[in-house]
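# A look at the structure
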Amino acid sequence: MKENYPERYRNLFRRGALEVKASEINAEAHRVLDTISEQYTKREIPVGCDSTMDMWKLREQARQMAEEVVLQEVVFRCN
């Protein structure tokens, strides 16, 4: 927010509301991240997946994809 929305950052900082807003954004980001990861993992289960490593790879891929979405739709949006 400091780099992308400097005026908004300064305004929130002056009012003492920066920490509250950051906490709200963080909570929403984690909620969305978990939801997207869970949905992707359920939707993309490989056929015959018996390996723990295969499931780890799937979960890791879901997490990375979800992080990209969260950054673009939650963190960089900063409403």
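Quick note: structure is the one above.
Here, residues in each chain are numbered from 1, in the same order as that chain's written sequence. Selection of residues for local features in this predicted model requires a pLDDT of at least 70, selection of side-chain atom pairs for listing and counting requires 80 or more, and totals for whole chains, interfaces and linings are taken over all residues. Side-chain figures throughout are based on the complete set of non-hydrogen atoms in the structure, without hydrogens or water.

## Quick notes on helix α2 (residues 18–43)
With 26 residues, α2 extends 37 Å between its outermost C-alpha atoms, agreeing within 8% with the 38 Å of an ideal straight helix rising 1.5 Å per residue. Within the span of α2, buried status applies to Lys 21, Ile 25, Ala 29, Val 32, Leu 33, Ile 36, Ser 37, Tyr 40 and Thr 41. Contacts are residue-level and defined by heavy atoms, with any inter-residue pair within 4.5 Å sufficient. Under the scheme used here, helices are H or I runs from DSSP no shorter than 4 residues and strands are E runs no shorter than 2 residues, and both carry numbers assigned from the N terminus. The inward-facing, buried residues of α2 abut α1 (6–15) and α3 (52–75). Helix span, expected: 1.5 Å multiplied by one less than the number of residues in the helix. Relative accessibility thresholds used throughout: buried, under 20% of the residue-type maximum; exposed, over 50%; partly exposed, between the two (1.4 Å probe, protein chains only).

## Quick look at the pattern of salt bridges
Salt bridges, as used here, are contacts in which a Lys or Arg side-chain nitrogen is within 4 Å of a carboxyl oxygen on Asp or Glu. A full pass over the atoms with the stated rule returns four salt bridges. With a shortest N-O distance of 2.7 Å, Arg 10 and Glu 7 are connected by a salt bridge. Taken together, the positions of Arg 10 and Glu 7, both in helix α1 and three residues apart, correspond to about one turn of that helix. On the basis of relative accessible area, Arg 10 is assigned to the partly exposed category, the value being 36%. Glu 38 is paired through a salt bridge with Lys 42; the nearest N and O atoms lie 3.3 Å apart. With Glu 38 and Lys 42 both in helix α2 and four residues apart, this pair spans about one turn of that helix. Classification of Glu 38 as partly exposed rests on a relative accessible area of 45%.

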